[in-house]
Amino acid sequence: MTLFDRVFGGNDYNYDRTVAAIDSAIAQYGEGESVSFPDTAYSLPCYYAVTGEKITNLGEMKAAMATIKAKMTRNNRLHDAFESGIASALCAEFLEALKYIHGATPYTEPELGHLSDAFVRNLGVPLVTGDIPGVAVIIGGADDPAETVALVKSYQSQGILVTLTGECIKQCADAGYKMGENVRVVPLGYEMQSVIHVVSVALRAALIFGNIQPGDFKALAKYTMDRVRAFVNAYKPLSDEIVSYGAGAICLGFPVVSNETENMFRVPKSLIQQLDTSKWNATSLEARDIKLKITNIDIPVAFATAFEGEIIRKGDMQVEVDGSRVDCFELVRTKEASEVEDHKITVEGPEIDEIPVGSKISLSYTVEVAGKAMQPDFESVMERKIHSWLNCIEGVMHTGQRDMIRVRISKADFEAGFKFKHIGEVLYAKVKSEFEAVVDKCQVHIVVDPEKNKELRAAANEVFDRRDARLASMTDESVDQFYTCIMCQAFSPSHVCIVTPERLGLCGAVSWLDAKATKELDPNGPCQIVPKTGCTDERLGAYESVNEAVSKYSHGALEKVTLYSLFQDPMTSCGCFECICGVEPVSMGVVITCREHAGMTPLGMTFSEMASMTGGGVQTPGFMGHGKHFIASKKFIAAEGGPGRIVWLPKMLKDQMRERLDATALELYGVENFTDMIADETICTEDPEALMNYLSEVGHPVLSMEPFDM
């Protein structure tokens, strides 16, 4: 038996059982029964991406088996084996989709099964920035469960997204290892076919971020090979089913590393036999050309981006810092070089081992930096990074910013020897590594004293107030240059953000000051100066210099962009946007939803469905991705009337933006409590008539605006 025989045998097995499963479902529900994965705009994403055809019911699924069968060729050539592997993968998707038929919820913890479009989009920014440098797909498990757990932890500690299929899930669960989307260790399912859910993530990344047209398999495979740095680790013994899936993975550019030797042969850079499984990590990273930048931090627990979403429950916490109840803050200050002693970390007050378990404590940390190129404008940029830095500490949870922070340190960290001084070590190491171009010296002062922190917090708030006053006075008119941001081109090759003081990057993570700092720190990096010259239409925000920049940095894919219009050459979107807005034709307003809101909107579309029309670096008049804080900007769709056009927001987003949005509406329209005039899901979802009734009842300003010129 050859490797070809194994792939083709896996094909036959997968095809026969898929046909049988479809026939059984049709016998029970009928051919008209709808079929789709939940929380995705792509129905069956893999089949849609590969063929360009959407399957909506069992009858269409049955007919599609002929397309799949045609891909299962029997020529003893690698191309045929790989093509057949794709066919097996599509069978796996059909089998998994049938589990969700009739609204079923087939997976329970720890298995997750299908991963939503929101999950894919949430990966966008960290994949672009390199915080997630790769994706490990682990299948099966080692003879010694401890070996499997060690492999998972090794990838997790490097920030790599880990997906698990088969025995490795049980081995990690039995060891008490934390799994879930929030720690980037994602258990798909015990059945081998569940591996298709990570393949689905990769293919949707191509559709969402890459503007790959469904059915263009050549472009699809090139995108996944070049842009999605995934690889497979498969423990022996491998069934023919797994071997056929592996052929599909290789076809998409994902090398397979295995210790299986039976009826296998090496395919250079694609099928790699590594019998020493302790070397799988190094072998996989080399095969996928993943280069890691490691910052050694002297703390007793792990530090990696994989821990950013870790939740510390109340019963698991050793101590808690809560700025809403006690005096706390985090602050970065620029000092003269003579005032800073490099790597000096001081803790004023009791250490964590001197505080009763479960205590709510007052704590502050002030990072003082000095450098010839350091500017006060960079202070707030560094402060915003503190959130992600502290969340990268295993067993530490951080939310908020400035003087409204909340930090929980786990009992497990305490038992490992974690101290407050280790917070200082992390802050020092990350400031020096990420801002090495401007920071020559750094020291951290930590205070665990309620009386002292009361005084220090008041002083810190004076600093924050001065910054806010300066930022509030910054308008697009007050500066003479904007900035590009092409960070997301790692996934969306034609997308270009233009960042202005009043319009932050659509991911919500890059403000004008951030872009300015990025340009200073990395002169040849993603943020480049766009002179504010050649204004051709102030109302639209149309500039010749902006058009030149987007044409240059989109490599000719884009010719014109306006900054303030939803209809006239709107800015493109990569897929990483926090929010998306779309025209509501009955009210002549706009509906905005965000990735956290999974429900329906008055447009009859969810976030995922709206986003499927907008990502990939394309211009879609009437739809636009944007950051949350842009909603309250006076420049938000200013060409069409501004924020007064907003008629619907998810309640959670309304509450987040209320204060700023009310202030903007009062200034622009003389309307008080404008946010209360905006409908949300508690008022209406899909019914335009209910929306109009509410807008009329509250006297929403959109009713007096001119209709859109569409």
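In this text, all values refer to a predicted model and were calculated from it rather than measured experimentally.

Caption draft 1: Focus on the sheet that holds strand E7 (residues 317–322). As summarised here, the arrangement of the four strands in space is E10-E7-E13-E12, forming an open sheet in which the pairing is mixed. Taken across any chain shown, the strands that pair with only one partner, and hence form the sheet edges, are strand E10 (359–361) and strand E12 (396–399). Each adjacent strand pair in this sheet contributes to an overall mean axis angle of 15 degrees, direction not counted. Sheet topology places E7 next to strand E13 (residues 406–410); five bridges connect them, and they run antiparallel.

Caption draft 2: Fine view of the pairing of strand E15 (residues 481–485). The buried fraction of E15 is high, at four of five residues. Pairing analysis gives three bridges linking E15 to strand E17 (residues 529–531), with the strands arranged antiparallel. Counted as the bridge partner of Phe482 is Val530 from E17. Where E15 lies against strand E16 (residues 497–499), three bridges are found, and the strand directions are antiparallel. Directly across from Cys485, in E16, lies its bridge partner Cys497.

Caption draft 3: Fine view of the pattern of salt bridges. Tallied over the full model, the rule gives 39 salt bridges. Where Lys291 meets Asp289, a salt bridge forms, and the shortest distance between an N and an O atom there is 2.5 Å. A residue is classified by how much of its surface remains accessible, and Lys291, at 65% relative accessible area, is exposed. Of the charged contacts in the structure, one is a salt bridge between Arg384 and Asp514, with a shortest N-O distance of 2.4 Å. With a gap of 130 residues between them, Arg384 in helix H12 (residues 377–391) and Asp514 in helix H16 (residues 512–521) connect regions that are remote in the sequence. For Asp514, a relative accessible area of 9% translates into the label buried.

Caption draft 4: Structural context of the environment of Ala302. The residue Ala302 is located in the loop between helix H11 (280–287) and E7 in this model. By relative accessible area, Ala302 is classed as buried at 17%. Sequence spacing of Ala302 and Gln156 is 146 residues, and the spatial spacing of their C-alpha atoms is 9.3 Å. With sequence-adjacent residues up to four places away left out, Ala302 is seen in contact with Phe307, Cys392, Ile393 and Glu394.

Caption draft 5: A look at the packing of H12 against helix H15 (residues 450–473). Between H12 and H15, the least distance of the axes is 11 Å, while the angle of their chain directions is 110 degrees. Comparing the axis directions of H12 and H15 gives the class roughly perpendicular. Judged by the twist between their axes, the crossing of H12 over H15 is left-handed. Where H12 approaches H15, its residues Asp377, Glu379, Ser380 and Glu383 are matched on the opposing element by Phe464, Arg467 and Arg470. Tallied by class, the residues present in the contact of H12 with H15 amount to one nonpolar, one polar and five charged.

Caption draft 6: Structural view of a negative patch on the surface. Together, Asp143, Asp144, Glu147 and Asp276 line one region of the surface with negative charge. Its place among the elements puts Glu147 in helix H6 (residues 145–156). Taking relative accessible area as the criterion, Glu147 reaches 30% and is therefore assigned partly exposed.

Caption draft 7: Fine view of the side chain of Thr601. Assignment of secondary structure puts Thr601 in the loop between strand E21 (589–594) and helix H18 (607–611). By relative accessible area, which is 0% here, Thr601 ends up buried. Excluding anything up to four places from it in sequence, Thr601 contacts Val591, Thr593, Met610, Trp648, Thr685 and Glu686.

Caption draft 8: Main features of the side chain of Glu93. Tracing the chain through its elements places Glu93 in helix H4 (residues 78–99). As a buried residue without a salt bridge, Glu93 has its nearest oppositely charged side chain in Arg204, at a separation of 7.1 Å. In terms of polar contacts, Glu93 uses its side chain to reach the backbone amide nitrogen of Cys46, at 2.7 Å. Apart from the residues within four sequence positions on either side, Glu93 is in contact with Phe37, Leu44, Pro45, Cys46, Tyr47 and Ile196.

Caption draft 9: Inspection of helix H9 (residues 217–227) at higher detail. When we look at burial in H9, the residues that qualify are Phe217, Leu220, Ala221, Tyr223 and Thr224. Taken down its axis, H9 places every buried residue within 160 degrees of arc, on the same side. Opposite the buried face of H9, at more than 90 degrees from it, the exposed residues are Lys218 and Lys222. For H9, the secondary structure elements touched by its buried residues are helix H2 (45–51), H4, helix H8 (196–210) and helix H10 (240–251).

Caption draft 10: Examining the nonpolar core more closely. Within the largest apolar cluster, 139 residues are counted, with the highest numbers of intra-cluster contacts made by Leu44, Met61, Ile68, Phe94, Ile498 and Val546. The residues contacting Leu44, other than those within four sequence positions of it, are Val35, Ser36, Phe37, Ile55, Met61, Glu93, Phe94 and Ala97. Ranked by size, the runner-up nonpolar core spans 42 residues in total, among them Val301, Val321, Val438 and Val444.

Caption draft 11: Region of interest: the environment of Met600. Residue position: Met600 is located in the loop between E21 and H18. Spatially, the C-alpha atoms of Met600 and Val149 are 40 Å apart, while their sequence positions differ by 451 residues. When near neighbours in sequence (up to four residues on either side) are disregarded, Met600 contacts Met605, Thr606, Trp648, Thr685 and Glu686.

Caption draft 12: Spatial organisation of the packing of aromatic side chains. Summed over the entire model, instances satisfying the criterion amount to 13 aromatic pairs. Pairing Phe37 with Tyr100 gives two aromatic rings, centres 5.5 Å apart and planes at 70 degrees, and the pair type is edge-to-face. With Phe37 in the loop between helix H1 (3–29) and H2 and Tyr100 in the loop between H4 and helix H5 (117–129), the pair connects residues that are 63 residues apart, well separated along the chain. Exposure class is identical for Phe37 and Tyr100. Each is buried. Following the ring pairs from residue to residue traces out a cluster consisting of Phe37, Tyr100 and Tyr107. The ring of Tyr564 has Lys635 sitting right over it, with the charged end atom 5.6 Å from the ring centre.

Thresholds, definitions, all that
Residues numbered from 1 in each chain as written. Predicted model: local features only at pLDDT ≥ 70, side-chain atom pairs only at ≥ 80, totals over all residues. Heavy atoms only, no water. Pairing = 2+ DSSP bridges. Helix = DSSP H or I, 4+ residues; strand = E, 2+ residues; numbered from the N terminus. Axes fitted to C-alpha atoms, helices over the stretch in contact; angles between N-to-C directions. Buried < 20%, exposed > 50% of the residue type's maximum accessible area, 1.4 Å probe, protein only. Salt bridge = Lys/Arg side-chain N within 4 Å of Asp/Glu carboxyl O. Contact = heavy atoms within 4.5 Å. Parallel < 35°, antiparallel > 145°, perpendicular 65-115°, else oblique. Left-handed = near helix turned anticlockwise from the far one by under 90°. Nonpolar A, V, L, I, M, F, W, Y, C, P; charged D, E, K, R; others polar. Patch = residues over 30% accessible without salt bridge, like charges linked within 9 Å, V, L, I, M, F, W, Y side chains within 5 Å. Areas by Shrake-Rupley, 256 points an atom, 1.4 Å probe, with all protein chains shown as cover. Lys, Arg positive; Asp, Glu negative; His and termini not counted. Charge placed at Lys NZ, Arg CZ, Asp CG, Glu CD. Polar contact = N/O pair within 3.5 Å; in protein donor to acceptor, adjacent residues only side chain to side chain. Arc of directions from axis to C-beta. Core = buried A, V, L, I, M, F, W, Y, C linked by side-chain atoms within 4.5 Å. Phe/Tyr/Trp six-rings, centres within 6.5 Å; stacked < 30°, edge-to-face > 60°. Lys NZ or Arg CZ within 6 Å of the ring centre and 35° of its normal.

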